[in-house]
Amino acid sequence: MRKTTTVVFLTLGFALYGCGGSSGGEPSPGPEPSPGTCPECDWNIEQWKLTLPISRDDFYGSGGDSAAELIPADCSGKQTLSNDTRLDYFWVDSNDKRAHFYVNLGDKGATTTNSNYVRSELRELYNYQTSNRCSSSNQNWAINNSHTLSSELQIEQYPQISGIAPKVILGQIHGYEIKQALVKLLWEGENTPVRVIFNDKFEPNNETCSDCQSFSVDLGTVKAHDNWRYDIHADKQAITVSTTINGVTTSKELPWGVPVEANDGNKYTLTKDWLNETFYFKAGIYPQIKPDTQYQNQIFEVSFNKINIEHK
């Protein structure tokens, strides 16, 4: 049985390790990078790629208007992901040692396939140690064992726009080439419970699903600037999601093929067809508000001091 564990303890020091070089764009002030990897936290940047809220044209000078990505340098041909990676959209603070993800909703921004929203978000590269590490089709896992994403984080800044809730996705399980996400963990304000959104079924090959139903469950309310934790776990029996806020853990289990009650009082069933697909974790910020010039300086900023992925 395969077991791989990647843990990021940012309070102990967060080093970004790649193949050298510096990133494009103007960097935000950040820490002086430490050479090499971070043995204390078992962090290896090569197991992730980072999607940015800026186009390839604007970031690299070419490549089109879709969102730029920083991936391991020997994959991209652009030596961009290294200990020197410090951007307006992602940096590690020299004081609190936390990894910060940042989006200004007033910027033009750039999106990814199947989305109208920008993001500063990590995408897991599951098979980064293989010869196929540069191919997205080979960077996904099947739900044949146990898979967990755990993060400790806090909301540093959020937009305050009249009539619009500050919705931001902070963690996901996403199916490969599936438009409907399996799990999205959403924060939408200090007085609204953290909500986890599921899709009961899906269509493959990035097709639109006419009869898919999304539903959600609540996992406790958290204020900005409070440190808290979420856990997203998938295995052959169920999806389990939880938060720990001010020492209180709230957990929900959703077995495959079994009706469960959602926030709206109705019952929904996660189809077992999901078990035949492959997946990847995501962590960071994915605001659910379309960028607009009228939202200049309406900011989402979230910092993480721990990211832990475990496959076993």
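Residues numbered from 1 in each chain as written. Predicted model: local features only at pLDDT ≥ 70, side-chain atom pairs only at ≥ 80, totals over all residues. Heavy atoms only, no water.

Novice: Provide a residue-level description of the overall build of the protein chain, including the pertinent values.
Specialist: For the protein chain, the count of helices and strands is two helices and 19 strands. Sorting the 312 residues of the protein chain into buried and exposed places 52% on the buried side. Here the contacts in the protein chain between residues at least 6 apart in sequence split such that 68% fall between residues at least 24 apart. Of the accessible surface of the protein chain, which amounts to about 13,300 Å², a share of 41% is contributed by carbon and sulfur atoms. (Helix = DSSP H or I, 4+ residues; strand = E, 2+ residues; numbered from the N terminus. Buried < 20%, exposed > 50% of the residue type's maximum accessible area, 1.4 Å probe, protein only. Contact = heavy atoms within 4.5 Å. Areas by Shrake-Rupley, 256 points an atom, 1.4 Å probe, with all protein chains shown as cover.)

Novice: How would you sum up the layout of surface pockets? Please name residues and give values.
Specialist: Counted as a void, the largest pocket has a volume near 880 Å³. Lining the largest pocket are 36 residues, and of these Thr-112, Thr-113, Asn-114, His-174 and Tyr-280 lie nearest its centre. Put simply, the parts of the chain that give the lining of the largest pocket at least two residues each are strand S2 (48-55), strand S3 (67-70), strand S9 (168-175) and strand S18 (278-287). The class makeup of the residues in the lining of the largest pocket is nine nonpolar, 18 polar and nine charged. (1 Å grid on protein atoms, 1.4 Å probe; cavity = no way out; pocket = protein on both sides within 12 Å on 5 of 7 lines; lining within 4 Å. Points joined across faces, edges and corners; volume = space filled by probe spheres on them. Nonpolar A, V, L, I, M, F, W, Y, C, P; charged D, E, K, R; others polar.)

Novice: Any details on the pairing of strand S11 (residues 195-199)? Residues and values, ideally.
Specialist: Counting buried residues in S11 gives five out of five residues, a clear majority hidden from the surface. Along S11, one buried face is formed by Arg-195, Ile-197 and Asn-199 and the opposite face, lined by Val-196 and Phe-198, is buried too. Sheet topology places strand S10 (residues 183-187) next to S11; four bridges connect them, and they run antiparallel. Across the sheet, Leu-186 pairs through a bridge with Arg-195, a residue of S11. Here S11 pairs with strand S12 (residues 214-218) via five bridges, running antiparallel. Of the residues in S12, the one forming a bridge with Val-196 is Val-217. (Pairing = 2+ DSSP bridges.)

Novice: Help me get a handle on unusual backbone geometry, residues and values and all.
Specialist: Unlike most non-glycine residues, Glu-177 shows phi in positive territory, near 55°. The topology assignment puts Glu-177 in the loop between S9 and S10. With relative accessibility at 37%, the residue Glu-177 sits in the partly exposed group.

Novice: Before we move on, could you go through the nonpolar core and cite the residues and values that matter?
Specialist: General note: in soluble globular proteins, nonpolar side chains tend to be found buried as a group. If you look at the biggest cluster of nonpolar residues, it comprises 66 residues, and the most contacted ones within it are Leu-170, Ile-173, Phe-198, Trp-228, Tyr-230 and Ile-239. Per element, the largest residue contribution to this core is five residues, and it comes from strand S19 (residues 299-311). In this structure Tyr-230 touches Leu-149, Ser-150, Ser-151, Leu-153, Leu-170, Gly-171, Leu-185, Ser-242, Thr-243, Lys-282, Ala-283 and Phe-304, once residues within four positions along its chain are discounted. (Core = buried A, V, L, I, M, F, W, Y, C linked by side-chain atoms within 4.5 Å.)

Novice: Outline the state of the cysteines, listing residues and values.
Specialist: Scanning the model with the defined rule gives one disulfide in all. What pairs with Cys-209 in a disulfide is Cys-212, and their sulfur atoms sit 1.9 Å apart. With the S-S dihedral at roughly 90°, the linkage between Cys-209 and Cys-212 falls on the right-handed side. The same class applies to Cys-209 and to Cys-212, which are both buried. (Disulfide = S-S within 2.5 Å.)

Novice: Could you give me a rundown of the environment of Gly-109, with the residues and numbers involved?
Specialist: Residue placement: Gly-109 occurs in the loop between strand S5 (99-104) and strand S6 (120-124). By relative accessible area, which is 26% here, Gly-109 ends up partly exposed. The contacts of Gly-109, once residues within four sequence positions are left out, are Pro-53 and Val-118.

Novice: An account of the packing of aromatic side chains is needed here, citing residue identities and associated values.
Specialist: For the coordinates displayed, the defined rule picks out 13 aromatic pairs. Seen from their ring centres, Tyr-158 and Trp-187 are 5.2 Å apart, and the 70° between their planes marks the pair as edge-to-face. Within this pair, whereas Tyr-158 is found in the loop between strand S8 (147-157) and S9, its partner Trp-187 is found in strand S10, the two being separated by 29 residues in sequence. Accessibility expressed as a relative area gives 21% for Tyr-158, which makes it partly exposed. Following the ring pairs from residue to residue traces out a cluster consisting of Trp-141, Phe-202, Trp-274, Phe-279 and Phe-281. In this structure, Arg-119 is placed above the aromatic ring of Tyr-286, and the distance from its NZ or CZ to the ring centre is 3.7 Å. Against the face of Tyr-280 rests Arg-123, its NZ or CZ located 3.6 Å from the ring centre. (Phe/Tyr/Trp six-rings, centres within 6.5 Å; stacked < 30°, edge-to-face > 60°. Lys NZ or Arg CZ within 6 Å of the ring centre and 35° of its normal.)

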